[in-house]
Amino acid sequence: MKTSGLSGGVFVPPVSFSLMNAIRPNIRGMAGYVPGEQLNSPDIVKLNTNENPYPPSPRVFEAIRAALTGDKLRKYPQPFGDTFRKAAGKVLGVDPDSILIGNGSDDILTILTRAFVPEGGLIASPTPSYILYKSLAEIQGAKFQTVPFADDWSLPNPWPVAAANLTFLPNPNSPSGSCLRLPVLERLAEQVGGPLVLDEAYADFAEWNGLPLVKELPNVIVTRTFSKSYALAGIRFGFAVADPDTVRELLKVKDSYNCDVLSLAAATAAIEDQGYFADVRDRILATRGRMQAELSKLGFRVTGSQANFLWCRRNDKPVKPMYEALKAKNILVRYMNYAGYGDGLRISVGTDAEIDKLLAELRKVV
Ligand SMILES: *Cc1c(COP(=O)(O)O)cnc(C)c1O
């Protein structure tokens, strides 16, 4: 039998060694997060992953072009993104030292999990909601507990999970687009008994947000992304706002250079162009209102949305064939089916032309 070790100067691994089996059991046991379909053919009407249907600010293209000059690509980027932090701090009215930059807000959620949750610890989140949180718990080797939303998308009072190491609450929530109000968030922050992460990926489309709570309450962290409201899903940039002492600790957990020169330049230019940002947001909100009315007329039960998508369910007919019929016509929406809850279509707000196409096809199939 061969044994491991050096044999004639050549490393001979044990015959029984399997690299795959050396992977931690929690990783082998998990299914892995499945992102939405990314079919990027130009004739697809893509309404399945809540990207912005409009381009980013023209200033973003200028900033990226400027970042390509000189020797900026040859050198490492700012490790903490200080130029971005200063710009974002000014726009949001927060201390730049309270901002943690991330390679997409999913990177931020990973950093928070690694920092707060020990192996064997507990992560809590509501359901139906963003399914990435479960994958983060599985990777960390932590337990995951869900708390069902009520039919009206409220949460139980009192919150039933005592002492989670981390509680994730997307607000506005996905797939519902519903948004809990500040007094409810304050109460939850008191009840969760640990850090409460308000995942505000869609907050720019909502009438209120939890950012003021970061200063008022000791355990609230807010996360934001540039993927949706700033139309930069391809650039991968997000950030968290937490108290500066906490951020100093979180900086130790992130990769040294987790955001690159181009994404930092793009995000800084995008957040500095608040005029363009507001125009795009207002257009999306107008289309969302029209979609809500038209989809309701077609017989969908549409949840009131504070986000850039609508959660559409029906009692009379299955929705999966509608998803398939739309896909056959190159219109992609997200079909979601949650154990113990049921299914529905989550439809992103597109341009008016895209939504007209969607509605025309839906009229044929409902
Ligand atoms: C889109 C989304 C994110 C992730 O955004 P990225 O910045 O693209 O990683 C986080 N949370 C929720 C609820 C989202 O829908």
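What you see is a predicted model; the values in this text were computed from it and never measured. (Residues numbered from 1 in each chain as written. Predicted model: local features only at pLDDT ≥ 70, side-chain atom pairs only at ≥ 80, totals over all residues. Heavy atoms only, no water.)

Asks: Help me understand unusual backbone geometry in this model?
Replies: Working note: non-glycine residues mostly have negative phi, and peptide bonds are mostly trans. Of the consecutive residues Thr127 and Pro128, the connecting peptide bond is found in the cis state with omega at -5°. In this structure, Pro175 follows Ser174 across a cis peptide bond, with omega equal to 15°. Here Asn330, not a glycine, exhibits a phi torsion of approximately 65°, which is positive. Within the element layout of this structure, Asn330 appears in the loop between α11 (320–328) and β13 (331–338). (Helix = DSSP H or I, 4+ residues; strand = E, 2+ residues; numbered from the N terminus.)

Asks: Which parts of the structure should I look at to understand the packing of helix α2 (residues 58–67) against helix α9 (residues 261–272)?
Replies: To characterise two packed helices, one gives the angle between the axes of the helices and the distance between these axes. Interhelical geometry of α2 versus α9 gives an angle of 150° and a closest axis separation of 8 Å. Where α2 crosses over α9, the handedness of that crossing is right-handed. Contacts from Arg59, Val60, Ala63, Ile64 and Ala67 of α2 reach α9 at Val261, Leu262, Ala265, Ala266, Ala269, Ala270 and Glu272. When the residues that make up the contact of α2 with α9 are grouped by side-chain class, the tally is 10 nonpolar, no polar and 2 charged. (Axes fitted to C-alpha atoms, helices over the stretch in contact; angles between N-to-C directions. Left-handed = near helix turned anticlockwise from the far one by under 90°. Contact = heavy atoms within 4.5 Å. Nonpolar A, V, L, I, M, F, W, Y, C, P; charged D, E, K, R; others polar.)

Asks: Can you help me understand the site of the ligand in this one?
Replies: Every residue close to the ligand is listed here: Gly104, Ser105, Asp106, Tyr130, Asp199, Ala201, Tyr202, Thr225, Ser227, Lys228 and Arg236. A distance of 2.7 Å separates a nitrogen atom of the ligand from a polar atom in the side chain of Asp199. Taking Ser227, its side chain carries an N or O atom lying 2.6 Å from an oxygen atom of the ligand. Its free accessible area being 380 Å², the ligand has 93% of it covered by the protein chains. Along the lines of polarity and charge, the residues of the shell around the ligand split into 3 nonpolar, 4 polar and 4 charged. (Near = heavy atom within 4 Å. Polar contact = N/O pair within 3.5 Å; in protein donor to acceptor, adjacent residues only side chain to side chain. Areas by Shrake-Rupley, 256 points an atom, 1.4 Å probe, with all protein chains shown as cover.)

Asks: I tried to follow helix α10 (residues 274–297) on my own but got confused; where do I start?
Replies: Since one α-helical turn is 3.6 residues long, residues separated by three or four positions face the same way. If you check α10, its first and last C-alpha atoms are 35 Å apart, about what 24 residues at 1.5 Å a residue would give, namely 34 Å. For α10, the set of buried residues is Phe277, Ala278, Val280, Ile284, Thr287, Arg288, Met291, Glu294 and Leu295. Those residues of α10 that are buried lie in contact with β11 (301–302), β12 (309–313), β14 (342–348) and α12 (352–365). Gly299 sits one or two positions beyond α10 and adopts a positive phi of about 95°. (Expected span 1.5 Å × (residues − 1). Buried < 20%, exposed > 50% of the residue type's maximum accessible area, 1.4 Å probe, protein only.)

Asks: Could you clarify how one ought to interpret the UniProt feature "domain: Aminotransferase class I/classII large" (unreviewed entry) in the protein in this entry?
Replies: According to UniProt, the feature "domain: Aminotransferase class I/classII large" (unreviewed entry) maps to residues 43–361 in the numbering used here. The span residues 43–361 is 39% helix and 19% strand, and its two end C-alpha atoms sit 15 Å from each other. (UniProt positions renumbered as here; feature names shortened; annotations may be inferred.)

Asks: I keep staring at the domain arrangement of the protein and nothing clicks. Help me out?
Replies: In many analyses, interface size is given as the accessible surface area lost on bringing the parts together. The domain boundaries assigned to the protein delineate domain 1 (45–54 + 275–365) and domain 2 (58–273). Taking only C-alpha atoms, the centre of domain 1 and the centre of domain 2 are 25 Å apart. Counting residues at the interface gives 23 residues for domain 1, matched by 26 residues for domain 2. Carbon and sulfur atoms supply 62% of the area that domain 1 and domain 2 bury against each other, a total of about 2000 Å² over both sides. On the domain 1 side of the interface with domain 2, the three residues burying the most area are Phe277, Gln306 and Tyr338, jointly 34% of the side's total. Across the domain 1-domain 2 interface, the total number found is 11 residue pairs in polar contact (both at pLDDT 80 or more). For the side of domain 1 that touches domain 2, the elements supplying multiple residues, two or more each, are α10 and β12. (Domains from an automatic or database assignment. Buried area = accessible area lost by both parts, 1.4 Å probe.)

Asks: What am I meant to see in the pairing of strand β10 (residues 238–241) here?
Replies: Side-chain positions along a regular strand alternate between the two faces of the sheet. Residues of β10 alternate between two faces, with Gly238 and Ala240 on one and Phe239 and Val241 on the opposite face, all of them buried. Pairing of strand β4 (residues 99–102) with β10, which is carried by 4 bridges, proceeds in the antiparallel orientation. Pairing of Ile99 across the sheet is with Val241, part of β10. Bridge analysis of strand β9 (residues 220–225) against β10 gives 4 bridges, and the strand direction is antiparallel. Within the sheet, the bridge partner assigned to Thr223 lies in β10 and is Ala240. (Pairing = 2+ DSSP bridges.)

Asks: What should I look at first to understand the sheet that holds strand β6 (residues 143–148) in this one?
Replies: In any sheet, the strands associate via hydrogen bonds between backbone groups, in a parallel or an antiparallel arrangement. If you trace the 7 strands from one edge of the open sheet to the other, you get β4-β10-β9-β8-β7-β5-β6, paired in mixed fashion. Strands with a single pairing partner mark the edges of an open sheet, and in this sheet they are β4 and β6. Looking at each pair of strands side by side, their axes are set apart by 20° on average, direction ignored. Where strand β5 (residues 122–127) lies against β6, 6 bridges are found, and the strand directions are parallel. The residue of β6 that forms the bridge with Ala124 is Gln145. Where helix α3 (residues 82–92) meets the sheet, it contacts β4, β9 and β10, and its direction lies at approximately 125° from that of β4. Sheet contacts for helix α5 (residues 132–140): β5, β6, β7 (166–170) and β8 (196–199); angle to β6, the most-contacted strand, approximately 155°.

Asks: Can you help me understand the sheet that holds β11 in this one?
Replies: Read from one edge of the open sheet, 5 strands run β3-β13-β14-β12-β11, paired in mixed fashion. The outermost strands of the open sheet, each flanked by one partner alone, are β3 (45–47) and β11. Across the sheet, α10 is in contact with β11, β12 and β14; its angle to β12 comes to roughly 10°. Contacting β3, β13 and β14, α12 crosses the sheet at an angle of about 90° to β3.

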